[in-house]
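# An overview of the molecular structure
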Amino acid sequence: MHSHPHLDGFWFVRRGSARFYTLGDNGTEVLAELRAGDGVLIPKGFPYSFEIVTLEGEDEGECELMQMECADVAISGKREELTADVVHYGESNFGSGQS
């Protein structure tokens, strides 16, 4: 689980399904279960993680996600500057969708 202090992010499921998690009063909680055509906005500083899942009524298969981000700081063209600004929460990573 991690957050981005300077990035608002929108995740859109193009194909398949994904489950997003956040931190709640009692530990990790499901934030959203998304199918193709669904999306979720993750505000800057908001802890999250996700995993690729197969939801009821779906055939097991691949998932395709599209991520769009907006930064509140100037970007000089080097992605390393933003990825170094990630805050990690705990040691758990959920599924193959570590982000």
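Remember, it's a predicted structure, so these values are computed and weren't measured experimentally.

### Notes on the overall build of the chain
Within the chain, the regular secondary structure consists of 1 helix and 8 strands. Each helix and strand of the chain, placed in order from N terminus to C terminus, yields the pattern β-β-β-β-β-β-β-α-β. For the chain, long-range pairs separated by at least 24 residues make up 72% of all intrachain contacts whose partners lie at least 6 apart in sequence. Summed over all atoms, the accessible surface of the chain reaches about 6200 Å², with 47% contributed by carbon and sulfur.

### A few points about the packing of aromatic side chains
For the structure shown, the criterion picks out 4 aromatic pairs. Here a set of aromatic residues connected by ring pairs shows up, and it is made of W11, F20, Y48 and F50.

### A short note on the sheet that holds strand β6 (residues 49-53)
Reading across the sheet, the 3 strands line up as β4-β3-β6 and stay open at both edges, with antiparallel pairing between neighbours. Two strands in the sheet have a free side with no partner beyond their single neighbour: β4 (27-35) and β6. Averaged over neighbouring strand pairs, the angle between their axes works out to 30° when direction is ignored. Sheet analysis places strand β3 (residues 17-24) next to β4, joined by 8 bridges and oriented antiparallel. Note on β4: the bridge partner recorded for F20 is A32.

### Let's talk about the sheet that holds strand β7 (residues 64-71)
Strand order in the open sheet formed by 3 strands is β5-β2-β7, with antiparallel pairing between adjacent strands. Taken across any chain shown, the strands that pair with only one partner, and hence form the sheet edges, are β5 (39-42) and β7. Averaged over all neighbouring strand pairs, the angle between strand axes comes to 15°, with direction disregarded.

### Here's the deal with the pairing of β5
Here β5 shows a buried face lined by V40 and I42 and an unburied face lined by G39 and L41. Where strand β2 (residues 7-15) and β5 come together, 4 bridges link them in antiparallel fashion. Looking at β5, one finds that G9 is bridged to I42.

### Focus on the pattern of salt bridges
Considering all chains together, one arrives at 6 salt bridges under this definition. In this structure, R19 engages E33 in a salt bridge whose closest nitrogen and oxygen atoms are separated by 2.7 Å. On the criterion of sequence distance, the pair formed by R19 in strand β3 and E33 in strand β4 is long-range, its members being 14 residues apart. Classification of E33 by relative accessible area gives partly exposed; the value is 42%. Across the salt bridge formed by D72 and K44, the nearest N and O atoms sit 3.2 Å from each other. Here K44 lies in the loop between β5 and β6 and D72 lies in the loop between β7 and α1 (80-83), a separation of 28 residues in the sequence. Shared partners join several salt bridges into a network, and the residues in it are R14, R15, E62 and E64.

What counts as what
- Residues numbered from 1 in each chain as written.
- Predicted model: local features only at pLDDT ≥ 70, side-chain atom pairs only at ≥ 80, totals over all residues.
- Heavy atoms only, no water.
- Helix = DSSP H or I, 4+ residues; strand = E, 2+ residues; numbered from the N terminus.
- Contact = heavy atoms within 4.5 Å.
- Areas by Shrake-Rupley, 256 points an atom, 1.4 Å probe, with all protein chains shown as cover.
- Phe/Tyr/Trp six-rings, centres within 6.5 Å; stacked < 30°, edge-to-face > 60°.
- Pairing = 2+ DSSP bridges.
- Axes fitted to C-alpha atoms, helices over the stretch in contact; angles between N-to-C directions.
- Buried < 20%, exposed > 50% of the residue type's maximum accessible area, 1.4 Å probe, protein only.
- Salt bridge = Lys/Arg side-chain N within 4 Å of Asp/Glu carboxyl O.

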